[in-house]
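# Examination of the molecular architecture
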Amino acid sequence: MLTVETRHAIDPATAKGLDTAGLRAHFHADGLFADGKIRLVYTHYDRLVLGGAVPAGGSLVLDHVKECGTPSILDRREMGILNIGESGTVSAGGTDYTVNKGDVLYLGMGSGPVTLSGAGRFYILSAPAHRSCPSRLIRIEDARRVEMGSAETANERVILQFLHPEVAESCQLVMGYTQFAPGSVWNTMPAHLHDRRMEAYLYFELDADQRVFHFMGQPEETRHLVMANEDAVISPPWSIHCGAGTGAYTFCWAMAGDNVDFTDMDMVAMGDLR
């Protein structure tokens, strides 16, 4: 029922020498969503855990994860859960939450085992925590909406912020997702860095025959990964993280690190990209 893959952190000099297979082995994650399974990736970038759970009408229990080093995963961690499928139920800390498509559930440190049930496709993110924040279900209408970009630059989009200081308190996990206007395909361009936080993307709502070209690497040494629907990518603090799709898509972003300041980023000038 539970599988966990570990990804070790590497420096940018090492990343420069990787071929396509090497880049994908370190930074690309696919096959996260399988019926009746919980599949997690434990990264050594700020100890973020990401993964998918698909109860497929039954129930799955997420509790002991050896890689986290505690009896239960949330003993020293917090968690954000995004449902990208039909409505489902998540139970933790003695409370049952009905999580609809597009909703995000935050579970604070000490919430105990997590039971995921029903028809949902649950995207799971977890980061270490040093204090317990209140668990909370955040509906789409409760998210903070930030409109950015324009049709002229093919990046007109709405950023929906869920785990954000102005919406829901968390220890260090920041999370939300971005939706695009028709005809817009570029995400997070112009690019930026944030050396104090890593980031992870999940690309979803992408047609099976379409792809997203995700760009990574240092600004002067860019590389790309080709992403299919429901593929995730791990972005180190030293890497840019942006992409362009051949069709419409949505992507979930999440960050862990030194702070929860969404604007703590270092912009990269277009002329500095190579």
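None of these values were measured; they are calculated from a predicted model.

### Examining the sheet that holds strand β14 (residues 157-163)
- A sheet is described by the order of its strands in space; here seven strands give the open sequence β2-β21-β18-β23-β15-β14-β13, paired in antiparallel fashion. Pairing within the sheet leaves two strands with one partner each, and these edge strands are β2 (28-29) and β13 (144-148).

### Considering the sheet that holds strand β10 (residues 114-118)
- Reading across from one edge, β5-β10-β7-β8 is the order of the four strands in this open sheet, with antiparallel pairing throughout. What marks the edges here is a single partner per strand, and that holds for β5 (59-62) and β8 (95-99). Across the sheet, the axes of successive neighbouring strands diverge by a mean angle of 20°, strand direction being ignored.
- Note that strand β7 (residues 88-92) and β10 share four bridges and pair antiparallel. If you follow Ser91 over to β10, its bridge partner there is Thr115.

### Brief notes about the pairing of strand β6 (residues 77-83)
- For β6, the tally of buried residues reaches seven of seven residues, placing the bulk of the element in the interior.
- Alternating positions in β6 separate into two faces, Arg77, Met79, Ile81 and Asn83 on one and Glu78, Gly80 and Leu82 on the other, with burial throughout.
- In terms of strand pairing, β6 meets strand β11 (residues 122-128) through seven bridges, oriented antiparallel. Residue Arg77 lies in a different strand from β11, and its bridge partner there is Pro128.
- Inspection of the sheet shows β6 paired to strand β9 (residues 104-107) by four bridges, in the antiparallel sense. When the bridges of β9 are listed, Leu82 appears paired with Val104.

### Observations regarding the pattern of salt bridges
- According to the stated counting rule, one finds nine salt bridges in the structure shown.
- Here Glu169 ties to Arg131 by a salt bridge, and the two come within 2.8 Å at their closest N and O atoms. In this pair, Glu169 sits in the loop between β14 and β15 (174-180) while Arg131 sits in the loop between β11 and β12 (136-138), placing the two residues 38 residues apart along the sequence.
- On the accessibility criterion, Arg131 (32% relative accessible area) is partly exposed.
- Because the salt bridges share partners, they merge into one network encompassing Arg196, Asp264 and Asp266.

### Thoughts on the side chain of Asp231
- Summarising the element assignment, Asp231 is placed in strand β21 (residues 231-235).
- For Asp231, the side chain forms a polar contact with the side chain of His28, separated by 2.9 Å.
- When sequence neighbours within four positions are dropped, the list of residues in contact with Asp231 reads His28, Ala29, Asp30, Tyr201, Leu202, Tyr203 and Val226.

Scoring rules and cut-offs
- Residues numbered from 1 in each chain as written.
- Predicted model: local features only at pLDDT ≥ 70, side-chain atom pairs only at ≥ 80, totals over all residues.
- Heavy atoms only, no water.
- Pairing = 2+ DSSP bridges.
- Helix = DSSP H or I, 4+ residues; strand = E, 2+ residues; numbered from the N terminus.
- Axes fitted to C-alpha atoms, helices over the stretch in contact; angles between N-to-C directions.
- Buried < 20%, exposed > 50% of the residue type's maximum accessible area, 1.4 Å probe, protein only.
- Salt bridge = Lys/Arg side-chain N within 4 Å of Asp/Glu carboxyl O.
- Polar contact = N/O pair within 3.5 Å; in protein donor to acceptor, adjacent residues only side chain to side chain.
- Contact = heavy atoms within 4.5 Å.

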